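This is what each chain is made of:
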Amino acid sequence: MAIHPAQQARRADTPPAVDGPWRDPSLSPEVRVADLAARMTLEEKAAQLYGIWVGADAEGDGVAPHQNDMVDTVDFEDITTRGLGQLTRPFGTAPVDPGIGAVSLARAQARIAGAGRFGIPALAHEECLAGFTAWGATAYPVPLAWGAAWDPELVAEMAYRIGSDMRSVGVHQGLAPVLDVVRDLRWGRVEETIGEDPYLVATIGTAYVRGLESSGIVATLKHFAGYSASAGARNLSPVRAGAREMADVLLPPFEMAVREGGPRSVMHSYAEIDGVPAAADPTLLTGLLRDTWGFTGTVVADYFGIGFLETLHKVASGRGDAARLALTAGVDVELPTVRSYGDELVAAVRDGLVAEELVDRALHRVLLQKCELGLLDPDRRDLPTALRGVDPEQARGTVNLDLPQNRALARLLAERSCVLLANPEAALPLSGGGRIAVVGPRADDPLAMLGCYSFPSHVGVLHPETPMGIEVPTVLEALREEFPGAAIDHAPGCDVDGTDAAGIEGAAALAAGADVCVAVLGDRAGLFGRGTSGEGCDAADLALPGLQGELLDALLATGTPVVLVLLTGRTYALGGRADRLAGCVQAFFPGEEGGPALAGVLSGRVNPSGRLPLGVPNGPGGQPWTYLQPPLGRANGVSNLDPTPLYPFGHGLSYTSFVWEADDDVAAELPTDGETDLAITVRNTGSRDGAEVVQLYVHDPVAQTTRPEARLIGYARVPLAAGESRRVGFRFHPDLVSFTGAGGRRIVEPGDLELRFATSSDMADVKHTVRLRLTGPERTVDHRRHMVCAPSLGAPLASK
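Here the structure is a predicted model, which is why all the values come from computation and not from measurement.

## Re the overall build of the chain
Summing up its helical and strand segments, the chain has 22 helices and 28 strands in all. Its C-alpha atoms give the chain a radius of gyration of 27 Å, near enough to 28 Å, the size a compact globule of 800 residues would have. Taking the principal axes of the C-alpha coordinates as reference, the chain spans close to 85 × 70 × 50 Å. Per-residue burial for the chain yields a buried fraction of 62% across its 800 residues. A sequence separation of at least 24 residues applies to 79% of the contacts in the chain between residues at least 6 apart. Surface accessibility of the chain: about 27800 Å² in total, with carbon and sulfur atoms responsible for 50%. The positive charge centre, built from 68 side chains, and the negative charge centre, built from 101, are 3 Å apart in the chain.

Here's what the structure looks like:
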């Protein structure tokens, strides 16, 4: 029941005692939280529902949209007397030595606990999209590279290590993973996604969630939902996705992660879907997420997202009204700093504009999470594990966030994510001798390896006087180490996105005098127009940025074999040039060990096993397209435009060869609620060890709504020594082929299906087809359906 303003005023004058059952760890969290909430004033309640961003700069270049407009000055000493919900990015706002940062955070927490009546610390959160976004922390490959590796277990291990590093210095929550499904390659944040297929995004993203949560860090799913379907691929542009696109493409990764991954937080997206901003949509944030899917954690705002209801979306009349809309929808925590959930919210409650029950609902969720994290316990440790036994005055240099085991894992993931797109004349691997011309603006720049949420690109570029903090070998440096017997020369040729062509002629001359030319082209990650890829760096078309296409043409014209290496945050159009390349390797911002990983692929030390998480377009118009197209979305006779990609989703080559042998012992019919086993045997017939990626697609010939020609429902990365074979099994349940039917319900429809074992989504790459008829009644299914087609790998068998 809401408290009358006069009662609230008396309560603030004579606050209830702070001691009570809430301090007793032997009691249930629900009992403790209920007792604590009853002791709080309205101001103290509201204080638990926002963060503050100490050190956020309201001048110059920001790291969040409209940061300069939205950051208000906050008096830390005054505001913390009420308590505090969250601390925003204590490590990720400016370069700080990790030891000093841990001490500073611990001291800030002590001040927060000492200032408020209840002595409750704040929950500290950080970005962790490509590693802990902190100075000196390991920079791992970006999420698009996770998708290219097709290796959920390795991604889970990476997430655990990221989380362990964060937890060791006092951080509680990580703002990752991104579960948006790519709908238009021109969108700047493609590098932050896992790919264009909802099943790949869901399984890899859920693995990341499991790994991060297992380290003790609260994983935050983002951006819920629809953000990647923005009109025209413009950041924050309205989303006009229909109900079926939402249900069948954009929502399943979140659905799987909530059910299978155990995340404790979700971040609403900036998107407005059919005119309703996500931050003000109770159907999405409460009806679907909580009432249907059963999510019990906290919903946090994307940075300034509540304020944007007033300033950008124009659906709120002021800060208090924005608070009303967001709280009603189900947004529990305002990030990154207080704007609407502070005094404006308190005033709105007292004026009867916002029901206090909404404040209490959000408070309950926030305090439950703090209770789970031990922040309500009287005997909690004030120092994080990294500072145990360390003199706080001598903390500089004592904390290493880039341990050798981190770098080894970063290299392994980088190696597995490199995609060999083409090798028409077996020019790769390189011989390692003679003269090698290494040309291109990405060849000798450490930042070429890093995405926009890696600390050096995200924050470090704003502090050019500060060292990078980690060692990031360039492709040029790595090739010189990989090929000590070769004569290697370098010329940039042009800038990433500049207009100065003066260097192209010299670069072509260098290539003409070499035995082979390695052209290293691609993106510069940045924020809000400061890069060619990254948040707010959307592309007008899919031509290589700047003059890089002209540079590549000049290199090809020399007659020297050209091996193209792409370091990008999206795929670019290669049609018209691809058939003249001696070889082509695609890497998606592969992290601090990406240079050695690529050098290993070019030398053959690493046998490439990456597969495309999104297609490579043919022409620069790109025909904004993903492979999930019904018949009229594909090439046909009613349009002169052909959207067929040059290289399809799932494509990737190897330095060895594989043969697939079908297991034909499969039932021809299956009830719509039945299960069956599918299997294929893969044999490495080459002379090198390698790994194949078995992909399982469904084709539904006739359905009550139009369906994609093919849709991924299962996959397995299969490592095989030369001559070895392995049986790869899948447990198939018809729920995996469910879709949103004509009546708006998710259904399993009886009828004929084709289950295709393939090396890509292209029909030409299908190795074996299982024809199956689903029998029995049409079934309605929901989020409790079978969502994972888990593979099983048999023991390796040597060839006879």
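## Section: the side chain of Glu-593
Summarising the element assignment, Glu-593 is placed in the loop between β15 (583–588) and α22 (594–603). Polar side-chain contacts of Glu-593 include one of 2.8 Å to the side chain of Arg-411. In this view, Glu-593 contacts Arg-407, Ala-410, Arg-411 and Ala-414; residues no more than four positions away in its chain are not counted.

## Notes on helix α17 (residues 404–417)
Here α17 is 14 residues long and its end C-alpha atoms lie 20 Å apart, about the 20 Å a rise of 1.5 Å per residue gives. Every buried residue of α17 is listed here: Asn-406, Arg-407, Leu-409, Ala-410, Leu-413, Ala-414, Glu-415 and Ser-417.

## Side note on helix α19 (residues 475–482)
Every buried residue of α19 is listed here: Val-475, Leu-476, Ala-478 and Leu-479. One face of α19 carries all of its buried residues, which in axial projection span an arc of 165°. Packed against the buried residues of α19 are β11 (435–439), β12 (487–491), β13 (516–522), β14 (562–568) and α22.

## A few points about the nonpolar core
One finds Leu-87, Phe-132, Tyr-208, Phe-224, Tyr-341 and Phe-732 to be the most contacted residues of the largest nonpolar core, which totals 218 residues. Excluding residues that lie within four positions of it along the chain, Phe-224 makes contacts with Leu-251, Phe-254, Val-266, Met-267, His-268, Ser-269, Ala-278, Leu-284, Leu-285, Leu-288, Leu-289 and Trp-293. One finds Ala-448, Phe-483, Val-520 and Ala-599 within the second-largest nonpolar core, a separate group that totals 35 residues.

## Looking at the packing of aromatic side chains
With the rule as written, the count across this model stands at 16 aromatic pairs. Here Trp-150 and Tyr-715 contribute two aromatic rings whose centre-to-centre distance is 5.1 Å and whose plane-to-plane angle is 85°, an arrangement assigned as edge-to-face. Of this pair, Trp-150 sits in the loop between α7 (143–149) and α8 (152–168) while Tyr-715 is found in strand β20 (residues 711–720), placing the two residues 565 residues apart along the sequence. For the pair shown, Trp-150 and Tyr-715 are each scored as buried. Their ring planes at 90° and their centres at 6.1 Å tell us that Tyr-627 and Tyr-697 sit as a pair that is edge-to-face. Placement of Tyr-627 in the loop between α22 and β16 (658–662) and of Tyr-697 in strand β19 (residues 690–699) is noted, with a sequence separation of 70 residues between them. For the pair Tyr-627 and Tyr-697, a shared accessibility class is recorded, and that class is buried.

## A look at the environment of Thr-93
Take Thr-93: it is sitting in the loop between β2 (86–88) and α6 (98–115). Sequence-wise, Thr-93 and His-458 are 365 residues apart; in three dimensions their C-alpha atoms are separated by 9.3 Å. There is a polar contact of 2.8 Å between the side chain of Thr-93 and the side chain of Trp-53. One polar contact links the side chain of Thr-93 to the main-chain carbonyl oxygen of Arg-89, over a distance of 2.7 Å.

## Focus on the sheet that holds strand β5 (residues 218–224)
The sheet built from 7 strands is open, its strands ordered β1-β2-β3-β4-β5-β6-β9 with parallel pairing. Pairing within the sheet leaves two strands with one partner each, and these edge strands are β1 (51–52) and β9 (298–300). Two elements, strand β6 (residues 265–268) and β9, share 3 bridges in a ladder whose sense is parallel. If you follow Val-266 over to β9, its bridge partner there is Val-299. This element, helix α9 (residues 198–214), spans β4 (173–175) and β5 of the sheet and lies at about 150° to β5.

## Points about the pairing of β15
The element β15 is extensively covered by neighbouring structure, given that 6 of its 6 residues are classed as buried. Every second residue of β15 is oriented toward a common face, with Gly-583, Val-585 and Ala-587 on one face and Cys-584, Gln-586 and Phe-588 on the other, all of them buried. Strand direction decides the pairing type here: β14 and β15, joined by 6 bridges, are parallel. Considered in β15, the bridge of Leu-564 is made with Cys-584.

Conventions we followed
Residues numbered from 1 in each chain as written. Predicted model: local features only at pLDDT ≥ 70, side-chain atom pairs only at ≥ 80, totals over all residues. Heavy atoms only, no water. Helix = DSSP H or I, 4+ residues; strand = E, 2+ residues; numbered from the N terminus. Rg over C-alpha atoms; globule rule 2.2 N^0.38 Å. Buried < 20%, exposed > 50% of the residue type's maximum accessible area, 1.4 Å probe, protein only. Contact = heavy atoms within 4.5 Å. Areas by Shrake-Rupley, 256 points an atom, 1.4 Å probe, with all protein chains shown as cover. Lys, Arg positive; Asp, Glu negative; His and termini not counted. Charge placed at Lys NZ, Arg CZ, Asp CG, Glu CD. Polar contact = N/O pair within 3.5 Å; in protein donor to acceptor, adjacent residues only side chain to side chain. Expected span 1.5 Å × (residues − 1). Arc of directions from axis to C-beta. Core = buried A, V, L, I, M, F, W, Y, C linked by side-chain atoms within 4.5 Å. Phe/Tyr/Trp six-rings, centres within 6.5 Å; stacked < 30°, edge-to-face > 60°. Pairing = 2+ DSSP bridges. Axes fitted to C-alpha atoms, helices over the stretch in contact; angles between N-to-C directions.

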